[in-house]
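# Descriptive analysis of the structure
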Amino acid sequence: VKSGAPTAANSGPLLQRVGGLDVVKKVVELFYRKLYADPHLIKFLADQDVMHLRAKQSMFVSWLFGPPGTPYTGKSVRVAHLRIIKQRGFSPEDFDLGMKYFEEAMTELGAPEVIRGEVMRRMKPFKDAFFTPAASDAAEEA
Ligand code: HEM
């Protein structure tokens, strides 16, 4: 569907359109399974408790599937990942791989393409936020 009449998949709040909180929870669960199953990404995650990580990311996911136009007010994603960026070489390619797994998880759970596109559009700008040096880096490293 390019444009035209609104359908269940292309209008209204993202959370409802993707199938509700249940589907979102399944997406996140599958996303983590994929991250932890990746032989390259595991070096950033091996010492991380998955429940802790999920708890930390749940605000982000609520925002991601929340009302459009709401600014992200959570913790800086650069600060959250600074350790793995600086100490373990977490790279833009690693970020892309993570995004790919998120999209795959949505696909495998049946999210329509227009929704996947919208979610990925919301996630993408965080790549710059991850990898752009910030004034606060020095304080975090101290
Ligand atoms: C938190 C790793 C991808 C958003 C974290 C933490 C780790 C981590 C280790 C926990 C930091 C802490 O304990 O304080 C990774 C790895 C990824 C990845 C290995 C592999 C691709 C992403 C992506 C996004 C993201 C693609 C979103 C665009 C967040 C957020 C938090 C977080 C919002 C929580 C920040 C907070 O403390 O409020 N991540 N991450 N991560 N990550 Fe990631």
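So, here's what we can say about the structure.

Basis of the calculations
Numbering of residues starts from 1 in each chain and follows the order in which that chain's sequence is written. Predicted model: local features are reported for residues with pLDDT of at least 70 only, side-chain atom pairs are reported and counted for 80 or more only, and whole-chain, interface and lining totals are derived from all residues. Note that the side-chain values use all heavy atoms of the structure and ignore hydrogens as well as water. Think of it this way: a Phe, Tyr or Trp ring, Trp meaning its six-membered ring, pairs with another when their centres are within 6.5 Å, and the plane angle makes it stacked under 30 degrees, edge-to-face over 60, tilted otherwise. To qualify as a helix, a DSSP run of H or I must reach at least 4 residues; to qualify as a strand, a run of E must reach at least 2; elements of each kind are numbered from the N terminus. Think of it in three bands: with a 1.4 Å probe and only protein chains considered, a residue is buried below 20% of the maximum accessible area for its type, exposed above 50%, and partly exposed in between. Whether a charge sits over a ring comes down to the Lys NZ or Arg CZ being within 6 Å of the ring centre and within 35 degrees of the ring normal. A donor here means an N, O or S atom no more than 2.8 Å from the metal, or no more than 3.2 Å when the metal is Na, K or Ca. Since water is not included, a site may seem to lack partners. Take a side-chain nitrogen of Lys or Arg and a carboxyl oxygen of Asp or Glu: if they are within 4 Å of each other, that pair is a salt bridge. The term nonpolar core refers to a set of buried residues drawn from Ala, Val, Leu, Ile, Met, Phe, Trp, Tyr and Cys, joined through side-chain atoms within 4.5 Å. Throughout, a residue-residue contact means that at least one pair of heavy atoms, one from each residue, lies within 4.5 Å. The span you would expect from a helix comes to 1.5 Å times its residue count less one. Side-chain atoms alone can form a polar contact between residues adjacent in sequence; in general such a contact is a pair of N or O atoms within 3.5 Å, and within protein one must be able to donate a hydrogen while the other accepts it. Neighbouring residues are identified by heavy atoms, a residue being near a molecule or strand if any of them is within 4 Å of it. Three categories are distinguished: nonpolar for Ala, Val, Leu, Ile, Met, Phe, Trp, Tyr, Cys and Pro, charged for Asp, Glu, Lys and Arg, and polar for the others, with Gly belonging to the last.

### Describing the packing of aromatic side chains
Taken as a whole and assessed by the stated rule, the structure comprises 15 aromatic pairs. Centre to centre, the rings of Phe95 and Phe131 are 6.4 Å apart; their planes meet at 85 degrees, and the pair counts as edge-to-face. With Phe95 in helix H6 (residues 92-108) and Phe131 in helix H8 (residues 126-131), this pair connects stretches of sequence that are 36 residues apart. For Phe95, a relative accessible area of 9% puts it in the buried group. Relative accessible area serves as the criterion here: at 21%, Phe131 is assigned to the partly exposed category. Look at Phe130 and Phe131: their rings are 5.7 Å apart centre to centre, the planes differ by 40 degrees, and that puts the pair in the tilted class. Residue Phe130 is classed as buried on the basis of its relative accessible area of 7%. Taken together, Phe44, Phe90, Phe95, Phe130 and Phe131 form an aromatic cluster joined through their ring pairs. The ring of Trp63 has Arg122 sitting right over it, with the charged end atom 4.7 Å from the ring centre.

### Some words on the coordination of the iron atom of the ligand
Of all protein atoms, just one serves as a donor to the iron atom of the ligand, and that atom is His81 (NE2), at 2.0 Å. In this structure, His81 sits in helix H5 (residues 77-88).

### Examining the pattern of salt bridges
Inspection of every chain in the model, using the stated rule, returns 8 salt bridges. Across the pair Asp137 and Arg78 runs a salt bridge, and its minimum N-O distance is 2.6 Å. Of this pair, Asp137 sits in helix H9 (residues 137-141) while Arg78 sits in helix H5, and the two are 59 residues apart along the sequence. For the pair Asp137 and Arg78, a shared accessibility class is recorded, and that class is buried.

### Quick word on the nonpolar core
Counting residues in hydrophobic clusters, the biggest one holds 36 residues, and the most contacted among them are Leu64, Phe65, Phe102, Met106 and Val119. Of all the secondary-structure elements, those providing two or more residues to this core are helix H1 (14-18), helix H2 (21-37), helix H3 (42-45), helix H4 (50-64), H5, H6, helix H7 (113-123) and H8. Broken down by element, the residue count for this core peaks at 8 residues, all from H2. Among all residues touching Phe102, those that are not within four sequence positions of it are Val27, Phe31, Leu64, Phe65, Val119, Met120 and Met123.

### Section: H5
Its 12 residues give H5 an end-to-end C-alpha distance of 16 Å, which sits within 8% of 16 Å, the value for a rise of 1.5 Å per residue. Turning to H5, its buried residues number three or more, namely Val77, Arg78, Val79, His81, Leu82, Ile84 and Ile85. Turning to H5, the residues buried within the fold contact H3, H8 and H9. Where H5 begins, the capping side chain belongs to Ser76, and its oxygen is found 3.1 Å from the backbone nitrogen of Arg78.

### Description of the site of the ligand
In the vicinity of the ligand there are 21 residues, among which His52, Leu53, Lys56, Gln57 and His81 approach most closely. Note that a nitrogen atom of the ligand is positioned 2.7 Å from one of the side-chain N or O atoms of Gln57. His81 is positioned with one of its side-chain polar atoms (N or O) 2.7 Å from a nitrogen atom of the ligand. Listing elements by their share of the shell around the ligand, those giving two or more residues are H3, H4, H5, H6 and H8. When its residues are assigned to classes, the shell around the ligand shows 13 nonpolar, 5 polar and 3 charged.

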